[in-house]
Amino acid sequence: MRFLITDEEFRRISTYMKQNYGIDLTQKKVIVNGRLQKHMKTGGWKTVNEFMDAVERDRSGVEEKMLVNLLTTNHTYFMREFEHFNYFKSTVLPWLKMKENAKKELRIWCGAASTGEEPYMIAMVLADFFGIEYNKWDTKILATDISTKVLRQAMAGVYAAEQLQKVPDAWKKKFFKEVAGGSQYQVKQELKEEVIYRQFNLMDPFPFRKKMHTIFLRNVMIYFDEKTKRDLLQKVYNYMEPGGYLFIGTTETLDRSSVPLEIIKPSIFRKKEGKN
């Protein structure tokens, strides 16, 4: 059995991922080839075209999910780009607390949840900010990702001890419990219940009934070309509350000429108050 993907097969996979998920793989042939090897062998497919035929014929969607899980990269960690969480706590949440004091409802979406570190970080910041008032507010976070594999890990909420090294001791004690003899930590149930995990493709129409106060869309647009990014950002803008905030990765860029967001800092943007 050969493992070397042909140019024609690579084009087929690249086109499929671009059309269905907006993911640009054109410069990642070696990575795609490497990630398909084991799965091809396990499934008994002799060629990538055979595998892709199976993906497209499978109405259950199991093989398509497997393809997405194989070809998407999910690298994240606790406290990543912590300046965002500092700004969220010091500036965004005081504004939201004042704005939504009557309803006491916050709508926060983490659009690239990966293995859960980011949505759990948001939940910890919320609990820390609201303190004894926390239970009076509806602060549940919607956390979505394209990969069902990482969502399963996120919902389990189990992390190696070294993954929590940068988490403040007070948070570690309050929000996690030791398991596996101290070599692992699990997110406590009270915090888990603050995060709602769902599988979602950012290329699909947004299903939200209400607009979001804050959207974290960090380190995911690096996989999209400029047109896909513009189209996605327009959808994001349309589903943001007036005055709402958008956080993107610190190494990412945003073309503000296509979406009228105010720049607060290089990776923090805001929809003007009064704009619907």
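See above for the structure.
First things first, this report covers the structure right here in the doc. (Residues numbered from 1 in each chain as written. Predicted model: local features only at pLDDT ≥ 70, side-chain atom pairs only at ≥ 80, totals over all residues. Heavy atoms only, no water.)

Take the overall build of the chain next. Secondary structure assignment for the chain yields 10 helices and 10 strands. Once local pairs closer than 6 in sequence are excluded, the contacts in the chain between residues at least 24 apart make up 73%. Counting every atom, the chain has about 14,000 Å² of accessible surface; 50% of that belongs to carbon and sulfur. Here the chain holds 46 positive side-chain charges and 35 negative ones, and the gap between their average locations is 2 Å. (Helix = DSSP H or I, 4+ residues; strand = E, 2+ residues; numbered from the N terminus. Contact = heavy atoms within 4.5 Å. Areas by Shrake-Rupley, 256 points an atom, 1.4 Å probe, with all protein chains shown as cover. Lys, Arg positive; Asp, Glu negative; His and termini not counted. Charge placed at Lys NZ, Arg CZ, Asp CG, Glu CD.)

Evaluation of the coordinates by the stated rule reveals 19 aromatic pairs. Measuring from ring centre to ring centre gives 5.5 Å for F206 and F208, while their planes differ by 50 degrees; the resulting arrangement is tilted. Considered together, F206 and F208 belong to a single accessibility category, that of buried residues. Seen in terms of ring centroids, F206 and Y239 are 5.5 Å apart; in terms of plane orientation they differ by 55 degrees. Their pairing is tilted. In this pair, F206 sits in the loop between β6 (195-199) and β7 (212-217) while Y239 sits in the loop between α10 (226-238) and β8 (240-248), placing the two residues 33 residues apart along the sequence. Given the relative accessible area of 25%, Y239 is considered partly exposed. (Phe/Tyr/Trp six-rings, centres within 6.5 Å; stacked < 30°, edge-to-face > 60°. Buried < 20%, exposed > 50% of the residue type's maximum accessible area, 1.4 Å probe, protein only.)

Once that is clear, we can look at α10. Between its terminal C-alpha atoms α10 stretches 18 Å, which fits the 18 Å expected from 13 residues at 1.5 Å a residue. Those residues of α10 that fall on the buried side of the exposure criterion are T228, K229, L232, L233, V236 and Y237. The arc enclosing the buried residues of α10, seen along the axis, measures out at 165 degrees, which places them on a common side. Where the residues of α10 are buried, they touch α1 (7-21), β7, β8, β9 (261-265) and β10 (268-271). (Expected span 1.5 Å × (residues − 1). Arc of directions from axis to C-beta.)

Our next topic: the side chain of E81. With respect to the secondary-structure elements, E81 resides in the loop between α4 (62-71) and α5 (82-99). Within the structure, E81 has its side chain in polar contact with the side chain of N219 (distance 3.5 Å). For E81, the residues in contact, after removing those within four places along its chain, are R218, N219, G249 and T250. (Polar contact = N/O pair within 3.5 Å; in protein donor to acceptor, adjacent residues only side chain to side chain.)

Take the pairing of β10 next. With burial as the criterion, each face of β10 is covered, one bearing I268 and R270 and the other bearing F269 and K271. Sheet topology note: the β8/β10 ladder contains three bridges and is antiparallel. Its bridge partner lying in β10, Y245 is registered against R270. Two elements, β9 and β10, share four bridges in a ladder whose sense is antiparallel. In the strand pairing of β10, E262 is matched with R270. Between β9 and β10, which pair antiparallel and follow one another directly, the connecting turn spans two residues. (Pairing = 2+ DSSP bridges.)

A positive phi angle is found at K104, which is not glycine, with a value near 55 degrees. Phi is positive for S114, which is not a glycine, with a value near 50 degrees. Mapped onto the elements of the fold, S114 is located in the loop between β1 (108-110) and α6 (117-130).

The N-to-C vectors of α1 and α4 enclose an angle of 100 degrees; their axes lie 12 Å apart at closest approach. Classified by the angle their axes make, α1 and α4 are roughly perpendicular. Here I13, Y16, M17 and Y21 of α1 lie close against α4, whose contacting residues are E64, L67, V68 and L71. Of the residues in the contact of α1 with α4, the class split is seven nonpolar, no polar and one charged. (Axes fitted to C-alpha atoms, helices over the stretch in contact; angles between N-to-C directions. Parallel < 35°, antiparallel > 145°, perpendicular 65-115°, else oblique. Nonpolar A, V, L, I, M, F, W, Y, C, P; charged D, E, K, R; others polar.)

Here the focus is the pattern of salt bridges. Within this structure, the stated rule accounts for 15 salt bridges. As a salt-bridge pair, R218 and E118 come within 2.8 Å of each other at their nearest N and O atoms. With R218 in the loop between β7 and α10 and E118 in helix α6, this pair connects stretches of sequence that are 100 residues apart. Each member of the pair, R218 as well as E118, carries the same accessibility label: buried. A salt bridge links E226 to K229; its shortest N-O distance comes to 3.3 Å. Remark: K229 and E226 occur in helix α10; sequence separation between them is three residues, near one turn of the helix. On the basis of relative accessible area, E226 is assigned to the partly exposed category, the value being 43%. Judged by its relative accessible area of 10%, K229 falls in the buried class. (Salt bridge = Lys/Arg side-chain N within 4 Å of Asp/Glu carboxyl O.)

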